[in-house]
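# Chain and residue survey
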Amino acid sequence: MMLRSARRTLLPAAMLLLILTPLAEAKGADSDAAALRTYYSANGFLNRGLFDLAAEEYQAFLDEHSGHEKAPVARYGLGVSLFRLERYDDATGMLQSSLTADDMPYRTEAAVVLGQCHLASHRYSDAAAALDPILREQTDHELADDATVLQAEALYHDGRCDAARRPCSLLA
């Protein structure tokens, strides 16, 4: 008798669990698919030069999915969009945030844009500092020459003409 009572209670609970588990997984997959649609939409806008729309989409993605595996790249994309919109202070914060992620695949690119933001905002010492790791650790990267010229310009405008010669000598 006790066994029948337990079966009557446990069987419906087990069936409910079997029904709800795939639904919860599907909802999670739908949520990730929606997040990726927003992320890829932002990428498309950025690639087409629609920086205001890209910034909106990246911000929407980050507002809803700040812990997503694509979040560091979304922060970089948002930083680039803000830089192109000449919102240098906002871009600086976003790019610095993207550089804190260990798995950031566009670290060098983000550092170059960060240096450009500082340079455009007349923060020459910060610009030189942002570009320095590239010149010390990634001299073979395709953006190393750009980083070299930007750093020389930043040092020159900062009044450190002797220091500006060092990056210039790397190009000679």
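Remember, it's a predicted structure, so these values are computed and weren't measured experimentally. (Residues numbered from 1 in each chain as written. Predicted model: local features only at pLDDT ≥ 70, side-chain atom pairs only at ≥ 80, totals over all residues. Heavy atoms only, no water.)

### Quick look at the layout of surface pockets
Applied cut-off: Of the grid points, spaced at 1 Å and generated over the protein atoms alone, those admitting a 1.4 Å probe that cannot get out make up cavities, while open sets with protein on both sides within 12 Å along at least five of seven lines make up pockets; any residue with an atom within 4 Å of a point is treated as lining. Grid points are joined across faces, edges and corners, and a volume is the space filled by probe spheres set on the points. Comment: elements are numbered from the N terminus, with helices defined as DSSP H or I runs of at least four residues and strands as E runs of at least two. Think of it as three bins: nonpolar holds Ala, Val, Leu, Ile, Met, Phe, Trp, Tyr, Cys and Pro, charged holds Asp, Glu, Lys and Arg, and polar takes everything else, Gly as well.
Put simply, the largest pocket is a space of about 210 Å³. What lines the largest pocket is Leu46, Phe51, Tyr76, Val80, Phe83, Arg84, Glu109, Val112, Val113, Gln116 and Leu143. Residue assignment for the lining of the largest pocket shows that the elements contributing at least two residues are α3 (71–84) and α5 (107–120). A per-class count over the lining of the largest pocket returns eight nonpolar, one polar and two charged. Here the second largest pocket defines a volume of roughly 150 Å³. As for the second largest pocket, its lining consists of Leu99, Arg107, Thr108, Ala111, Leu114, Ala129, Ala130, Pro133, Ile134, Glu137 and Gln138. Listed by contribution, the elements that provide at least two residues to the lining of the second largest pocket are α5 and α6 (124–137). Here the residues of the lining of the second largest pocket sort into seven nonpolar, two polar and two charged.

### Side note on the nonpolar core
One broad rule of soluble globular proteins: the nonpolar side chains tend to lie buried together. For the record, the criterion: Residues belong to one nonpolar core when they are buried, are Ala, Val, Leu, Ile, Met, Phe, Trp, Tyr or Cys, and are joined through side-chain atoms within 4.5 Å. Residue exposure (1.4 Å probe, protein chains only): buried if accessible area is under 20% of the type maximum, exposed if over 50%, otherwise partly exposed. Any pair of residues with heavy atoms lying within 4.5 Å of one another is described as a contacting pair.
Ranked by internal contacts, the top residues of the largest apolar core, which has 28 residues, are Tyr58, Leu62, Leu78 and Leu95. Those elements that place two or more of their residues in this core are α1 (2–47), α2 (51–64), α3, α4 (88–99) and α5. At eight residues, α3 tops the list of elements feeding residues into this core. When near neighbours in sequence (up to four residues on either side) are disregarded, Leu95 contacts Tyr76, Gly79, Val80, Ala110, Val113, Leu114 and Cys117. Ranked by size, the runner-up nonpolar core spans 15 residues in total, among them Leu135, Leu143, Ala154 and Ala164.

### Regarding unusual backbone geometry
One non-glycine residue, Glu86, lies in the positive phi region at around 60 degrees. Its identity is not glycine, yet His122 carries a phi of approximately 65 degrees, on the positive side. Tracing the chain through its elements places His122 in the loop between α5 and α6. Given the relative accessible area of 56%, His122 is considered exposed.

### Here's the deal with the packing of aromatic side chains
Which entries qualify depends on this criterion: Note on aromatic contacts: the rings of Phe and Tyr and the six-membered ring of Trp form a pair at centre separations within 6.5 Å, being stacked when their planes are under 30 degrees apart, edge-to-face when over 60 apart, and tilted otherwise.
The full count for this structure, using the stated rule, is four aromatic pairs. On the numbers, 5.5 Å between centres and 50 degrees between planes, the contact of Tyr39 with Phe61 is tilted. Note that Tyr39 is positioned in helix α1 and Phe61 in helix α2, a separation of 22 residues in sequence. Residues Tyr39 and Phe61 agree in their burial class; the two are buried. Counting every residue linked through ring pairs, the aromatic cluster contains Tyr39, Tyr40 and Phe61.

### What about the packing of helix α7 (residues 144–157) against helix α8 (residues 161–171)?
Test applied: Axis lines are fitted to C-alpha atoms, over the contacting stretch for helices. Their N-to-C directions set the angle, which ranges from 0 to 180 degrees. Oblique is the label for any angle not under 35 degrees, not over 145, and not in the 65 to 115 range, which are roughly parallel, roughly antiparallel and roughly perpendicular in turn. Two helices cross in a left-handed way if the nearer one is turned anticlockwise from the farther one by less than a right angle. They cross in a right-handed way if the turn is clockwise.
Orientation of α7 relative to α8, taken along the N-to-C sense of each, is 165 degrees, at an axis distance of 8 Å. Of the possible angle classes, the one that applies to α7 and α8 is roughly antiparallel. Both α7 and α8 take part in a crossing whose hand is left-handed. In this structure, α7 uses Asp145, Thr148, Val149, Gln151, Ala152, Leu155 and Tyr156 to contact α8, whose residues at the interface are Cys161, Ala163, Ala164, Arg166, Pro167, Cys168, Leu170 and Leu171. Among the residues forming the contact of α7 with α8, the class breakdown is eleven nonpolar, two polar and two charged.

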